[in-house]
Amino acid sequence: MRSPGILVISHGSKEPYWVEQVDQAVAKLHLPKDIPVEVSFLETVKGRLIQDGIDHLEALDVTDLLVIPMFMSSGSTHVDEISYALGVKDAPDKETDLKPFRRKARVHFGSPLDDGEDVAHMVWDKVRPLSVDPAKEVILLVGHGSVHNGFLQRWEQGISSLARTVQVVSGIRTDYALLNPESVHDKAAYWNQERGHDVMVAPLFLSSGYFTSRVIPKRLEGLEYRYSGEPLLPHPLLTTWIDRQICELMQGMQK
């Protein structure tokens, strides 16, 4: 008899608010009561690391771990190292200090947020209050990015696809920029100074923190732009996204 358990994995933060936002999104999942759920973090959150989550679920006799990697992009090195440490892949694409986890249960690994329509609607809902004259505006998605070959390409593939979906959802021209390698300042300057558009900056981060409050504004110094600093959380569609991932993994488990 197979017994599934849900393991939601996010990065983690020293800020309690960051952790609370993830917990609240997961608490609203629409799951049968007999399916246990653990929210674990890659680092920083003592007592709630990934191994802790695995141990708690396996103590409940879970035979199958349905893992939801709550990260923004497939280009995240963290997604790569976690999938390796869980035994989903034989070797990481980039060297990691993360050791293989102890586990007995089978692992069914989901996908990061990347470029789905739920994500596009979340982005637009956060940016919408900044919009005054859509015909003269551009939405600039800002993601973390990566300096590592292979990972950068995954970041660009996902965020460029998301930009197209946000444009369809919002009806406003949408572009993207990355913090790594840095393209935020040049993209914002191009749209504002060369094209004459009002730039609305949308940070592609799960929760507010150092990148949303300090790094992005620092990259935009000297430019005209609109920015609320609003990350994706809180938003009910993130719970919808997790629910959908779980359904897909459950179907895959039964094949």
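Everything here concerns the structure above.
Please read these numbers as outputs of a predicted model, since none were measured by experiment. (Residues numbered from 1 in each chain as written. Predicted model: local features only at pLDDT ≥ 70, side-chain atom pairs only at ≥ 80, totals over all residues. Heavy atoms only, no water.)

**Student:** What is the right way to read the environment of H30 from this model?
**Tutor:** The topology assignment puts H30 in the loop between α1 (16-27) and β2 (37-41). Separated by 84 residues in the primary sequence, H30 and D114 place their C-alpha atoms 22 Å from one another. (Helix = DSSP H or I, 4+ residues; strand = E, 2+ residues; numbered from the N terminus.)

**Student:** Can you walk me through the sheet that holds strand β4 (residues 106-109) in this structure?
**Tutor:** Backbone-to-backbone hydrogen bonds pair the strands of a sheet. The strands run either parallel or antiparallel. Spatial strand order, β2-β1-β3-β4: four strands in an open sheet with parallel pairing. A single partner strand is all that each edge strand has here, and the edge strands are β2 and β4. Direction aside, the axes of adjacent strands within the sheet are offset by 25° on average. Bridge count for strand β3 (residues 64-69) against β4 is four bridges, and the pairing is parallel. In the sheet register, D64 faces β4, and the bridge partner there is R106. Helix α8 (residues 236-253) contacts β1 (4-10), β3 and β4 of the sheet and is inclined by roughly 145° relative to β3. (Pairing = 2+ DSSP bridges. Axes fitted to C-alpha atoms, helices over the stretch in contact; angles between N-to-C directions. Contact = heavy atoms within 4.5 Å.)

**Student:** For this particular structure, what's the right way to read α1?
**Tutor:** In an α-helix, one full turn covers 3.6 residues, which means residues spaced three or four apart are oriented alike. Taking 1.5 Å per residue as the helical rise, α1 with its twelve residues ought to reach 16 Å, and the 16 Å between its terminal C-alpha atoms agrees with that figure. Residues of α1 that are buried: W18, V19, Q21, V22, A25 and V26. Taken end-on, α1 shows its buried residues confined to a sector of 155°, consistent with a single buried face. Across from the buried face of α1, at angles greater than 90 degrees, the exposed residues are P16 and A27. Structurally, α1 contributes buried residues whose contacts are with β1, β2 and α8. (Expected span 1.5 Å × (residues − 1). Buried < 20%, exposed > 50% of the residue type's maximum accessible area, 1.4 Å probe, protein only. Arc of directions from axis to C-beta.)

**Student:** Please clarify how the environment of S183 should be interpreted in this entry.
**Tutor:** Along the chain, the position of S183 falls in the loop between β6 (173-180) and α6 (184-194). As for S183 and G145, which are separated by 38 residues in sequence, their C-alpha atoms are 10.0 Å apart. Those residues in contact with S183 that lie beyond four places of it in its chain are A177 and L178.

**Student:** Help me out: how do you make sense of the environment of G171 in this one?
**Tutor:** For G171, the location among the structural elements is in the loop between α5 (151-170) and β6. For G171, a relative accessible area of 60% puts it in the exposed group. Considering only alpha carbons, one finds G171 and R128, 43 residues apart in sequence, at a separation of 11 Å.

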